[in-house]
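# Tertiary structure, described
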Amino acid sequence: MRITTRYPPGASALLALLWLSTASASAAAAASASASANSPPNIVFILADDLGWNDVSWHNDQVVSPNMQQLVDTGVQLEQSYVQPLCTPSRSAFLTGLYPFRIGRQGRPLGRLTPTGLTLNQTILPERLSDLGYSTHLVGKWHLGYCNWAYTPTERGFDTFYGFYQGSQFHFNHSATGGYDFRDQKEVDFSANGTYSTHLFGDRAVKIIEEHPRDGKPLFLYLALQNVHVPLEVPAEYLAHYPEDLDEDRRLLLGMVTALDEAVGRVVQALKDAGLYDNTVVVFSSDNGGVESNQPLRGNKGSVWEGGTRAPGFVHSPLLQGTPRVHSGLLHITDWHNTLLALAGAPVLPPNDGFNQWDALKDPAVASPRISFIYNLDNEYEEGTLGAIRLRNHKFVMGEDRDSVVGDETGPWLFNLEDDPNETVNLVEFEPALAMALEVLLLEETPNVVPRDEPPNDPEGDASNWGGVWTPGWCDVP
Ligand SMILES: *[C@@H]1O[C@H](CO)[C@@H](O)[C@H](O)[C@H]1NC(C)=O
Ligand SMILES: *[C@@H]1O[C@H](CO)[C@@H](O)[C@H](O)[C@H]1NC(C)=O
Ligand SMILES: *[C@@H]1O[C@H](CO)[C@@H](O)[C@H](O)[C@H]1NC(C)=O
């Protein structure tokens, strides 16, 4: 345990109390892995890219997203659904159920020339769902490594893959930094060139649903849409929903939200047309906060502030009870792994950082099993340690130097998010014992932090060596 003189005595007694309450909540959650009674439901998990708190119609009435609004209005709106601050870490946490710091993914997103990928010694969600009899599909962005075929989605449990391996590209020509990046299964698909990715991904998702065998396997569709990641590009028709005098970039981004919304609407309509809807659970989340603004939340993508990590989201399904409903139970992106496995009827849930949230999502009478989570823990951040932890209503932050408010530049920080969701009043001076207890709780995980898996760029991977296409085959696997 780390000893610090900054805080008064009394903190250790408080810490003991906190430990007890955390431990009992975990035990209760572990006991409640319930499988669904009927045939396992179809699962459609839609992940938007860089969609901010303020970029959805249920938080901002300027946004035109009627299809998602309708799903929220008849579903469960998630108001305390947390993700990692960046693309690769969030996708990693979703598919493994692990905090990124346990597998070296707490730092930067994977770059085009980074010779590594999501660790191969974890069994990931599509592999487990395949074992449970699901047919599994990834449509959209991967961003978990591609330097060796072993890292790519069709070698990691997905029956089909349609989309791109890297983190960003132009939305129409699917090129980035001198290379093309678009595949159907393992084949480069040049026919995608010229067509907007959200249209392509919507079309493919609809096709998968239409062609899904009726009395066959249940469906797992992971639809990882490119919108609203930069570069800001959208067909002009979507801009017509927004005033011409709006800031140009903001107008483009909102147009991209409306295009994304159309794709979500098409997917749900396809589920209905195919007769699958009644036994399907649709989950929607962003992968991290918006780049420019998440008002009124503090901070943006890349930071552990609420604006970087508290994602807009919802669950929509006829299997949910007491809808519509706003759900304020604490949920973290690591939870989806075991939540979806429980829904799929897994007899045993693997040990990881997640909780099975299905009962709490389904039944308004059941509380979230989660009272705490770690936003991030990175002891290779610039000069020191960057970290944040949540326990009930309190949040402790250390080492965060992005998006800091004037007069509030140096941590550590303690906030009561129930009273102060926008992180404006630092309570460290007022509740030092609690601040220390949370710091200790966070830093207790330090021995479990795996060093960042960020080997230097390997120029061998450059698309110019591979006929102008970003292609696997230039790194070894451990
Ligand atoms: C898992 O793989 C990572 C590299 O991705 C490696 O650093 C780690 O030692 C491996 N762990 C085990 C238990 O094999
Ligand atoms: C892709 O589109 C962007 C934006 O229009 C353009 O700047 C870029 O040169 C295009 N790349 C290719 C390979 O066509
Ligand atoms: C995509 O199409 C554009 C316009 O026809 C062309 O300039 C570009 O080279 C194409 N990209 C690839 C990778 O073929």
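Residues numbered from 1 in each chain as written. Chains lettered and ligands numbered in written order. Predicted model: local features only at pLDDT ≥ 70, side-chain atom pairs only at ≥ 80, totals over all residues. Heavy atoms only, no water.

### What to know about the environment of Ser404
Inspection of the secondary structure assignment puts Ser404 in the loop between strand E17 (394–398) and strand E18 (413–416). Relative accessible area serves as the criterion here: at 26%, Ser404 is assigned to the partly exposed category. For the pair Ser404 and Leu239, spaced 165 residues apart in sequence, the C-alpha to C-alpha distance is 33 Å. Ignoring sequence-local partners within four residues, the contact set of Ser404 consists of Arg298, Trp305, Glu409 and Trp413. (Helix = DSSP H or I, 4+ residues; strand = E, 2+ residues; numbered from the N terminus. Buried < 20%, exposed > 50% of the residue type's maximum accessible area, 1.4 Å probe, protein only. Contact = heavy atoms within 4.5 Å.)

### Considering the site of ligand 3
Close to ligand 3 lie Tyr180, Phe190 and Asn193, which account for all nearby residues. The fraction of the free accessible surface of ligand 3 (360 Å²) that becomes covered by protein chains is 33%. (Near = heavy atom within 4 Å. Areas by Shrake-Rupley, 256 points an atom, 1.4 Å probe, with all protein chains shown as cover.)

### A few points about the pairing of strand E5 (residues 160–164)
The buried fraction of E5 is high, at four of five residues. As paired elements, strand E4 (residues 135–141) and E5 share five bridges and run parallel to each other. Its bridge partner being in E5, Lys141 is matched across the sheet by Phe164. (Pairing = 2+ DSSP bridges.)

### As for the domain arrangement of the protein
Domains assigned within the protein are domain 1 (11–27 + 373–448) and domain 2 (39–370). On a C-alpha basis, the centroid separation for the pair domain 1 and domain 2 is 28 Å. On the domain 2 side, the residues contacting the 28 residues of domain 1 number 26 residues. With both chains or domains summed, domain 1 and domain 2 bury close to 2300 Å², and 51% of this area falls on carbon and sulfur atoms. When the area that domain 1 buries against domain 2 is broken down by residue, the three leading residues are Phe373, Tyr375 and Asp403, summing to 26%. Summed over the shared surface of domain 1 and domain 2, the result is two salt bridges. Notably, a salt bridge pairs Lys395 with Glu306, separated by 2.9 Å at the nearest N-O pair. For the interface between domain 1 and domain 2, the tally reads 16 residue pairs in polar contact (both at pLDDT 80 or more). Mapped by element, the contributors of at least two residues to the side of domain 1 that touches domain 2 are helix H1 (11–30), strand E15 (372–381), strand E16 (384–391), E17 and E18. (Domains from an automatic or database assignment. Buried area = accessible area lost by both parts, 1.4 Å probe. Salt bridge = Lys/Arg side-chain N within 4 Å of Asp/Glu carboxyl O. Polar contact = N/O pair within 3.5 Å; in protein donor to acceptor, adjacent residues only side chain to side chain.)

### Points about the sheet that holds E17
Reading across the sheet, the four strands line up as E15-E16-E17-E18 and stay open at both edges, with antiparallel pairing between neighbours. Each having just a single partner strand, E15 and E18 make up the two edges of the open sheet. Strand-to-strand twist of the sheet, defined as the mean angle between neighbouring strand axes without regard to direction, takes the value 5°. In this sheet, E18 lies alongside E17 in antiparallel orientation, the contact comprising four bridges. What sits directly across from His394, in E18, is Asn416. (Axes fitted to C-alpha atoms, helices over the stretch in contact; angles between N-to-C directions.)

### Description of the packing of helix H5 (residues 197–211) against helix H6 (residues 248–273)
Each pair of packed helices gets described by two things: the angle between the helix axes and the distance between those axes. Viewed as axis vectors pointing N to C, H5 and H6 meet at an angle of 10°, and their least axial separation amounts to 9 Å. One way to sum up the angle between H5 and H6 is to call them roughly parallel. On H6, the residues touching Thr198, His199, Gly202, Asp203, Ala205, Val206 and Ile209 of H5 are Ala259, Leu260, Glu262, Ala263, Arg266, Val267, Ala270 and Leu271. Looking at side-chain class alone, the contact of H5 with H6 contains nine nonpolar, three polar and three charged residues. (Parallel < 35°, antiparallel > 145°, perpendicular 65-115°, else oblique. Nonpolar A, V, L, I, M, F, W, Y, C, P; charged D, E, K, R; others polar.)

### Regarding the sheet that holds E5
Taking strand neighbours across the sheet as the criterion, the 10 strands line up as E9-E8-E5-E4-E10-E1-E11-E12-E2-E13 in an open arrangement whose pairing is mixed. Bordering the open sheet on either side are strand E9 (187–188) and strand E13 (325–327), each of which pairs with just one other strand. In this structure, strand E11 (residues 280–286) lies alongside strand E12 (residues 313–316), joined through four bridges in antiparallel fashion. Bridge pairing links Phe284 to Phe314 in E12. Helix-sheet contacts for helix H3 (residues 87–96) involve strand E1 (42–48), E4 and strand E10 (219–224), and the interaxial angle to E10 is about 170°.

### Observations regarding the state of the cysteines
Tallied over the entire structure, the rule returns one disulfide. Across a sulfur-sulfur distance of 2.0 Å, Cys147 and Cys475 are joined as a disulfide pair. With the S-S bond torsion at 65°, the cross-link from Cys147 to Cys475 turns out right-handed. Pair noted here: Cys147 is in the loop between E4 and E5 and Cys475 is in the segment after helix H10 (432–443), with a separation of 328 residues, a long-range link. Comparing Cys147 with Cys475 shows no difference in burial state: the two are buried. Here Cys87 is not disulfide-linked; the sulfur of Cys147 is the nearest cysteine sulfur, at 18 Å. (Disulfide = S-S within 2.5 Å.)

### Some points on the side chain of Glu423
As for its position among the elements, Glu423 is in the loop between E18 and H10. Residue Glu423 is classed as buried on the basis of its relative accessible area, which comes to 1%. With residues up to four places along the chain from it excluded, the contact list for Glu423 reads Arg298, Trp305, Glu306, Lys395, Phe415 and Leu417.

### Some thoughts on the pattern of salt bridges
This structure, assessed with the given rule, holds 19 salt bridges. Where Asp55 meets Arg250, a salt bridge forms, and the shortest distance between an N and an O atom there is 2.7 Å. Taken as a pair, Asp55 in the loop between E1 and helix H2 (66–73) and Arg250 in helix H6 lie far apart in primary sequence, 195 residues in all. Where Glu454 meets Arg452, a salt bridge forms, and the shortest distance between an N and an O atom there is 3.2 Å. Taking relative accessible area as the criterion, Glu454 reaches 23% and is therefore assigned partly exposed. Overall, Arg452 belongs to the buried group, its relative accessible area being 17%. Bridged by salt links that share partners, the residues Asp49, Arg91, Lys141 and Asp287 form one connected network.

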